[in-house]
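Structural description and commentary
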There are 2 protein chains.
Amino acid sequence: MSRLESAIRRLEAQRDCIDFAASALVDVPGCILELGLGNGRTYDHLKTRFPGRPVYVFERELRAHPDSTPDDDHLFLGDFFATLPQALARLGATAALAHCDFGSGKAERDSAVAARLAGAVAPLLRPGALVLSDQPLAHPAWQPEQLPAGVGEGRYYIFRVPISHVRG
Amino acid sequence: MSRLESAIRRLEAQRDCIDFAASALVDVPGCILELGLGNGRTYDHLKTRFPGRPVYVFERELRAHPDSTPDDDHLFLGDFFATLPQALARLGATAALAHCDFGSGKAERDSAVAARLAGAVAPLLRPGALVLSDQPLAHPAWQPEQLPAGVGEGRYYIFRVPISHVRG
């Protein structure tokens, strides 16, 4: 598969997983967390698919398209592990969705972030919330969800926070 | 349409136009010109679809993925209008395909490049060659080709150099 085909598959997986989440979360109110803004394309898609819900962005360094740059009230700028506790203090456990797109292509760095991320995100999620991720995450309380048809195994990951979830 | 959906359409259009060109050029020998390397994804796709043919890259500034960076013999680094005449001196009219992907999102700059590009590329093309472009180009000798099914009007452009083409 060429790098062009691989890029198409990756973007289609993002679109399909976000669209699945938008349907699955109709009855789960709450805000949206976008971990890793990058170019801002998935942020734009999240805003389209979750109209009326605040989307909070976590990013180390802003380099997004101007049309897809959140205002200061919706931006937590800095290292995830510094900003997620700040967000928890401000938002509490109010998120219906966390979309985690932080793969840098550097395997060692990505797996180090992935190993700690679930624990840092989990306290922000309300019961019934979904987590989408481009990297494998693991949290004892989260249940893996089936991927939408057409999304290849291992290309994206979906987890659900059980309704009876004990946070932390 | 969200920016994510738009990006998917753009990459699919690139893939479909390159795949069309690979079929259409089976009997037209010659090298491939890639004008605008960017991340290097379409360069990778061109190499996959045109095995055994040299792919020459024209780029102002290298910022491609290391796996998709051409060697010095296949790279013309600098402004298109300085490097295309250098390429003509070295390669002559030997190209079967020119893939032009130089849209910067800055409309004024893009249309200024587009207005001059056809005239600078044309002398490098052999009769029967194809030109793919993300921007509208115009050359008196080139004939517009129908886009592959599924590629939206105006998202990509395909031109063919007639067999009886008078170059220049």
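The numbering scheme is per chain: residues are counted from 1 as the chain's sequence reads. The lettering of chains begins at A and the numbering of ligands begins at 1, in the order of writing. With pLDDT at 70 or above as the cut-off, local features in this predicted model cover only qualifying residues; side-chain atom pairs require 80 or more to be listed or tallied, and sums for whole chains, interfaces and linings still use all residues. Side-chain measures here rest on the full set of heavy atoms in the structure, leaving out hydrogens and waters.

As for the overall build of chain A
Elements are defined by DSSP. Helices are runs of H or I of four residues or more, strands are runs of E of two residues or more, and each kind is numbered from the N terminus. Per the secondary structure count, chain A includes four helices and seven strands. N-terminal to C-terminal, the α/β element order of chain A is α-β-α-β-β-α-β-α-β-β-β. Radius of gyration (C-alpha) of chain A: 15 Å, near the 15 Å computed for a compact globule of 168 residues. Projected onto its principal axes, the C-alpha coordinates of chain A cover approximately 45 × 35 × 35 Å. Throughout this description, buried means an accessible area under 20% of the type-specific maximum (1.4 Å probe, protein chains only), exposed means over 50%, and partly exposed covers the range between. Burial statistics for chain A: of 168 residues in total, 52% are counted as buried. Should any heavy atoms of two residues lie within 4.5 Å, those residues are considered in contact. Across chain A, contacts joining residues at least 24 apart in sequence account for 65% of those joining residues at least 6 apart. Only C-alpha atoms enter the radius of gyration, while the globule expectation follows 2.2 Å times N to the 0.38, with N the number of residues.

A look at the sheet that holds strand E5 (residues 125-133) of chain B
Think of a sheet as strands paired side by side through backbone hydrogen bonds, with each pair either parallel or antiparallel. All names here are of chain B. Strand order in the open sheet formed by seven strands is E3-E2-E1-E4-E5-E7-E6, with mixed pairing between adjacent strands. Bordering the open sheet on either side are strand E3 (75-77) and strand E6 (143-144), each of which pairs with just one other strand. By the bridge criterion, two bridges tie E6 to strand E7 (residues 157-160) in an arrangement that is antiparallel. If you follow Pro 144 over to E7, its bridge partner there is Phe 159. In this analysis an axis means a line fitted to C-alpha atoms, helices contributing only their contacting stretch, and an angle means the value between N-to-C directions, from 0 to 180 degrees. Taken strand by strand, helix H3 (residues 80-91) contacts strand E1 (31-35), strand E2 (55-59) and E3, and its axis lies near 155° from that of E2. Whether two strands pair comes down to DSSP finding at least two bridges between them.

Re the sheet that holds strand E5 (residues 125-133) of chain A
Residues and elements named next belong to chain A. Spatially, seven strands are ordered E3-E2-E1-E4-E5-E7-E6 in an open sheet, and the strand pairing comes out mixed. Edge positions in the sheet fall to strand E3 (75-77) and strand E6 (143-144), since each of these pairs with one other strand and no more. The sheet contact formed by strand E4 (residues 95-100) and E5 spans five bridges and is parallel. By the bridge assignment for E5, Leu 97 is matched with Leu 130.

Some words on the interface of chain B and chain A
With 20 residues of chain B in contact, the opposing surface of chain A contributes 20 residues. The contact between chain B and chain A buries some 1,800 Å² in all, and 61% of this surface belongs to carbon and sulfur atoms. By convention in these notes, a salt bridge is any Lys or Arg side-chain nitrogen within 4 Å of a carboxyl oxygen on Asp or Glu. Here chain B is connected to chain A by two salt bridges. Pairs of N or O atoms are called polar contacts if they sit within 3.5 Å, as long as, within protein, a hydrogen donor faces a hydrogen acceptor (for residues adjacent in sequence, only side-chain-to-side-chain pairs). Put simply, chain B and chain A have ten residue pairs in polar contact (both at pLDDT 80 or more) between them. Ranked by residues supplied to the side of chain B that touches chain A, first place goes to helix H1 (residues 3-24) of chain B with nine residues. Any residue outside Ala, Val, Leu, Ile, Met, Phe, Trp, Tyr, Cys, Pro, Asp, Glu, Lys and Arg is labelled polar, Gly included; the first ten of those are nonpolar and the last four are charged. Per-class residue counts for the side of chain B that touches chain A are four nonpolar, nine polar and seven charged. When two components associate, each loses some accessible surface as probed by a 1.4 Å sphere; the sum of these losses over both components is called the buried area.

Points about the side chain of Glu34(B)
Of note, Glu34(B) is situated in strand E1. The charge count includes Lys and Arg as positive and Asp and Glu as negative, but it does not include His or the ends of the chains. Among buried Asp, Glu, Lys and Arg side chains, Glu34(B) stands out as unpaired, with Arg3(A) the closest opposite charge at 9.3 Å. Of the polar contacts made by the side chain of Glu34(B), one reaches the side chain of Thr42(B); its length is 2.6 Å. Side-chain polar atoms of Glu34(B) contact the side chain of His99(B), separated by 2.6 Å. Excluding its chain neighbours within four sequence positions, the residues that come into contact with Glu34(B) are Thr42(B), Tyr43(B), Leu46(B), Val55(B), Tyr56(B), Val57(B), Phe58(B) and His99(B).

Focus: the packing of aromatic side chains
Paired rings are identified among Phe, Tyr and Trp, the last through its six-membered ring, by centres lying within 6.5 Å, and are further divided according to the angle between planes into stacked (under 30 degrees), edge-to-face (over 60) and tilted (the rest). Taken as a whole and judged by the stated rule, the model has eight aromatic pairs over all chains. Aromatic pair Phe80(A) and Phe102(A): ring centres 6.4 Å apart, planes at 90°, arrangement edge-to-face. Taken together, the positions of Phe80(A) in helix H3 (residues 80-91) and Phe102(A) in the loop between E4 and helix H4 (107-121) put the pair 22 residues apart, joining distant regions of the chain. Ring centres of Tyr56(B) and Phe76(B) lie 6.3 Å apart, and the angle between their planes is 55°; this geometry places the pair in the tilted category.

A short note on the pairing of E2(B)
All names here are of chain B. Counting buried residues along E2, five of its five residues qualify, which places the element largely inside the surrounding structure. Burial along E2 is two-sided: the face carrying Val 55, Val 57 and Glu 59 and the face carrying Tyr 56 and Phe 58 are both buried. Where E1 and E2 come together, four bridges link them in parallel fashion. Within E2, the residue paired with Leu 33 across the bridge is Tyr 56. Here a crossover is taken to be right-handed if, once the strands point away from the viewer, the path from the first strand over the helix to the second is traced clockwise. Once you follow E1 into helix H2 (residues 41-49) and on to E2, the crossover reads as right-handed.

Re the state of the cysteines
All names here are of chain A. We call a pair of cysteine sulfur atoms a disulfide when they lie within 2.5 Å. The tally for this structure, following the rule as stated, stands at zero disulfides over all chains. Cys 100 provides the cysteine sulfur closest to Cys 31, a residue in no disulfide bond, and the two sulfurs are 13 Å apart. Free of any disulfide, Cys 100 has its nearest neighbouring cysteine sulfur in Cys 17, separated by 12 Å.

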